[in-house]
Amino acid sequence: MVKMTDSSLPFSEAGRAWFTDNFKQPTEVQALGWPLIASGNNGLLLAPTGSGKTLAAFLWSLDHLQSTPDLLAKRGFKVVYVSPLKALVYDVERNLRAPLVGLQRTRERLGLESRSIQVDIRTGDTPQKERARMLRSPGDILITTPESLYLMLSSRVREHFSTTQLVIVDEVHVMAGTKR
């Protein structure tokens, strides 16, 4: 286990407070991954199931979005999460809600500006009405499958990817060696 002090967590005051209120300490993948993600470099987080990879991948970006109002003011996807398994896409969307709501409430409790972060899900099952809404008013975070991402990048929605700062590809081993 890699030790990190509260002050060494690469988050805003609210991000550190939310994390330390909810977790004893970071897992190894989180402690090693967060500085890499915060630096803006590419990285591969490799760890067993249940080790906190999803939180490692998302928490810094959620905190960064909340702490950078100018970034949230821009129209378009800032974080893109790609998963080859449709069921996992919905699971991550549900698991994303706790840190989203928790960070927002922590910022409010600390008297800091808090803005709502919108999450869009796009799969083959997404109704046409929702697809049209995404074209008019995209969320800040997009959760999608490789196939739906391809369709979006080859349509008018592609303009909403110009604001993307972080791309998370989950279950990369499932896609390696395929046309995905």
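Further up the page is the structure itself.
Rules of the game
Residues numbered from 1 in each chain as written. Predicted model: local features only at pLDDT ≥ 70, side-chain atom pairs only at ≥ 80, totals over all residues. Heavy atoms only, no water. Salt bridge = Lys/Arg side-chain N within 4 Å of Asp/Glu carboxyl O. Helix = DSSP H or I, 4+ residues; strand = E, 2+ residues; numbered from the N terminus. Buried < 20%, exposed > 50% of the residue type's maximum accessible area, 1.4 Å probe, protein only. Phe/Tyr/Trp six-rings, centres within 6.5 Å; stacked < 30°, edge-to-face > 60°. Expected span 1.5 Å × (residues − 1).

## Focus: the pattern of salt bridges
Working step 1: Under the definition given, this model contains four salt bridges.
Working step 2: Close ionic contact of R133 with D120 constitutes a salt bridge, the shortest N to O distance being 2.5 Å. Residue R133 is found in helix α6 (residues 128-136), and its partner D120 is found in strand β2 (residues 119-122); the two are separated by 13 residues along the sequence.
Working step 3: By relative accessible area, which is 24% here, R133 ends up partly exposed.
Working step 4: Relative accessible area serves as the criterion here: at 3%, D120 is assigned to the buried category.
Working step 5: One connected set of salt bridges, linked through shared partners, spans D120, E130 and R133.

## Quick word on the packing of aromatic side chains
Working step 1: Applying the stated criterion to the full structure yields six aromatic pairs.
Working step 2: On the numbers, 5.0 Å between centres and 50 degrees between planes, the contact of F77 with F161 is tilted. In this pair, F77 sits in the loop between α4 (69-73) and β1 (79-82) while F161 sits in the loop between α7 (146-153) and β4 (166-169), placing the two residues 84 residues apart along the sequence.
Working step 3: Overall, F77 belongs to the buried group, its relative accessible area being 0%.
Working step 4: Taken together, the ring pairs connect F11, W18, F19, F23 and W34 into an aromatic cluster.

## Observations regarding helix α3 (residues 53-67)
Working step 1: With 15 residues, α3 ought to run about 21 Å at 1.5 Å a step, and its terminal C-alpha atoms sit 22 Å apart, in line with that.
Working step 2: Of all the 15 residues making up α3, eleven are buried; the element is thus mostly covered by neighbouring parts of the structure.
Working step 3: Every buried residue of α3 is accounted for by L55, A56, A57, F58, L59, W60, S61, L62, D63, L65 and Q66.

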